[in-house]
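# Chains, contacts and geometry: an overview
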There are 2 protein chains.
Amino acid sequence: MIETILNRKSVRKYLDKEIEDEKVQTLLKAGMAAPSGKDIRPWELVVVTERSVLSAMAEGLPYAKMLNEAPLAIVVCGDIEKSPYWYLDCSAVTQNILLAAEALGLGAVWTATYPYEERMQVAKEQLALPDKIFSLCVIPIGYPATPYKPREKFDPKKVHYNRW
Amino acid sequence: MIETILNRKSVRKYLDKEIEDEKVQTLLKAGMAAPSGKDIRPWELVVVTERSVLSAMAEGLPYAKMLNEAPLAIVVCGDIEKSPYWYLDCSAVTQNILLAAEALGLGAVWTATYPYEERMQVAKEQLALPDKIFSLCVIPIGYPATPYKPREKFDPKKVHYNRW
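About the cut-offs
Residues numbered from 1 in each chain as written. Chains lettered and ligands numbered in written order. Predicted model: local features only at pLDDT ≥ 70, side-chain atom pairs only at ≥ 80, totals over all residues. Contact = placed C-beta atoms within 7 Å. Helix = DSSP H or I, 4+ residues; strand = E, 2+ residues; numbered from the N terminus. Nonpolar A, V, L, I, M, F, W, Y, C, P; charged D, E, K, R; others polar. Pairing = 2+ DSSP bridges. pLDDT = per-residue confidence, 0-100. Buried ≥ 20, exposed ≤ 12 C-beta atoms within 10 Å, placed from the backbone.

## A few points about the interface of chain A and chain B
The interface of chain A with chain B comprises 54 residues on the first partner and 54 residues on the second. Where the side of chain A that touches chain B is concerned, the elements lending two or more residues are helix 1 (2-7), helix 2 (21-32), strand 1 (43-48), helix 4 (86-103) and strand 6 (159-161) of chain A. Among the residues forming the side of chain A that touches chain B, the class breakdown is 35 nonpolar, 10 polar and nine charged. Relative to strand 1 (residues 43-48) of chain B, strand 6 of chain A is paired through three bridges, and the arrangement is parallel. What sits directly across from V159 of chain A, in strand 1 of chain B, is L45 of chain B.

Structural data, given as structure tokens:
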């Protein structure tokens, strides 16, 4: 488990290979196992596999061009009427999905829509989201096309003991 | 790994037992393995084991009274000058730490300080944080005092295919 956390990396190139439905279900379950403030669970997940929808999002989202090759994307959304802090809970959902992808031999990357007004608008239009549903991010997912190495990011200078 | 994600739960009662330093280091490494926008890594982590500091935070934070019993807390902070979206990156850090705790046989819980002005002020004062360093949350950590069961949170009604 610790290995999986340390091995997770952003994967942006994918094989032309579908993701098994069982794996998709595991990703969704992992996502919804996240904690949330007051256990409100304000999340909603959109699973995108239709090529036309993936391409339309790639077209509109500047940092999500890899959707053109990805066989799958999960769009992590929150219901802003349920929680004003939906974006924190949904970040935990996203991290769970990214880790589950790594554990399943898949590659994925967090491409932000929130808090960018124009990117959220692209997701809203392409996915027909209701007004109260905001997207946090689009996660393209696929089998990695090439081997990826995780970055070593631990920095002891960022650790403080008992006070700054 | 998937099991660990599904088994993670909020643990609020702890044994009176110190956490081994090796485990603390693993929690910190797991935290810093999180992704961040543009790979900016705006996080800073404060490890708190001094009883007086834990108690002072318990006193000031309404939902973190369990700090009175916890042998350890990690306060996840962000440098707001490095990234305006530090709280999203730091949410991924927090989730990694919660999962690593579960994997190590520890129990932990996300107690929010951000976006609550008065709670952030408590952390700032007790930890002597510089003005540009905001706390996202305080994570009390310890060996669970009682067995905890994870909640079943998967809800198929929250899954949408290709569009809402």
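Still more to cover.
## As for the confidence of the model for chain A
Per-residue pLDDT for chain A has a mean of 97; in total, 100% of the residues score no lower than 70. Scored as a whole, the predicted complex attains pTM 0.98, and scored at its interfaces, ipTM 0.98.

## Focus: the environment of E118 of chain A
All names here are of chain A. Note on placement: E118 falls in helix 5 (residues 117-127). Residue E118 is classed as exposed on the basis of its 10 C-beta neighbours within 10 Å. Distance in space between the C-alpha atoms of E118 and L61 is 8.8 Å, their sequence separation being 57 residues.

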